[in-house]
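Examining the three-dimensional arrangement
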Amino acid sequence: MYISNVEIQLSYADTDMMGVIYHGNYVKWIELGRTKLIEDVGYNYLDMEKSGYYAPVYNLEITYKKSIKYGDKVIVKTWVEENKNLRTIYGFMIVNGEDEICAEGTTTHIVVRKEDFKPVQFKKVFPEWFQKYEEIKKK
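A short tour of the structure in this document, coming up. Quantities reported herein were computed from a predicted structural model and do not represent experimental measurements. (Residues numbered from 1 in each chain as written. Predicted model: local features only at pLDDT ≥ 70, side-chain atom pairs only at ≥ 80, totals over all residues. Heavy atoms only, no water.)

So, the sheet that holds strand 6 (residues 101-109)
Where we set the bar: When DSSP finds two or more bridges between two strands, those strands count as paired. Only DSSP runs of H or I covering at least 4 residues are called helices, and only runs of E covering at least 2 are called strands; the numbering of each starts at the N terminus. Note on method: axes are straight lines fitted to C-alpha atoms, helices fitted across the in-contact stretch only, with angles between N-to-C directions ranging 0 to 180 degrees. Should any heavy atoms of two residues lie within 4.5 Å, those residues are counted as being in contact.
The strand order across the open sheet formed by 5 strands is 1-4-5-6-3, and the pairing between neighbours is antiparallel. Edge positions in the sheet fall to strand 1 (4-8) and strand 3 (57-64), since each of these pairs with one other strand and no more. Going across the sheet, the axis of each strand differs from the next one's by a mean of 20 degrees, ignoring polarity. When strand 3 meets strand 6, the two strands line up antiparallel, connected through 7 bridges. Looking at the pairing, Glu61 lines up with Thr106 of strand 6. Packed onto the sheet, helix 1 (residues 25-40) meets strand 1, strand 3, strand 4 (74-83), strand 5 (88-96) and strand 6 and runs at close to 135 degrees relative to strand 1. Its contacts with the sheet place helix 4 (residues 127-136) against strand 4 and strand 5, and it is angled at close to 105 degrees to strand 4.

Take a look at the structure:
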């Protein structure tokens, strides 16, 4: 199983009234992690779009376990949890500088045609990409 890592640069503007990082920022970080994973294995999401397809989020699950505060080190770890014909599930873990899990979960994506948003089989439209995910996914 391959795990991609991306360090997040926090800003004071990311905090909420309680002095912790606002929970909505985590969703943006998950996207950064997924993009980094795609790039790490040799692909580019923009190339998918140029080919006439999107991979929208179908489902998002996140469990918050520990607050992150301004000044903390934050790393997003991302991997391919499942890779099916019609959906890919990415797993993620957001950890602090002490490697404590602050949040974890999954995002599920489907591939759709740009023109009508009808789902297509990832395996058929991007066979090499699909195969790469088969090689690196969680066993």
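After that view of the structure, there is still more to cover.
Brief notes about the nonpolar core
To be explicit about the condition: Residue types Ala, Val, Leu, Ile, Met, Phe, Trp, Tyr and Cys, when buried and joined through side-chain atoms within 4.5 Å, form a set referred to as a nonpolar core. Each residue gets one of three labels from its accessible area relative to the maximum for its type: buried under 20%, exposed over 50%, partly exposed in between, using a 1.4 Å probe on protein chains only.
The biggest cluster of nonpolar side chains holds 17 residues, and the ones touching the most others in it are Met48, Val111, Phe122, Phe126, Trp129 and Tyr133. Contributing elements (two or more residues each) for this core: helix 1, helix 2 (45-50) and helix 4. It is helix 4 that contributes the most residues to this core, 4 residues altogether. Not counting chain neighbours up to four residues away, the residues in contact with Val111 comprise Met48, Tyr53, Tyr54, Ala55, Leu86, Lys118, Pro119, Val120, Phe122, Val125 and Phe126. Residues Val6, Leu10, Tyr26 and Val76 belong to the second largest nonpolar core, which totals 14 residues.

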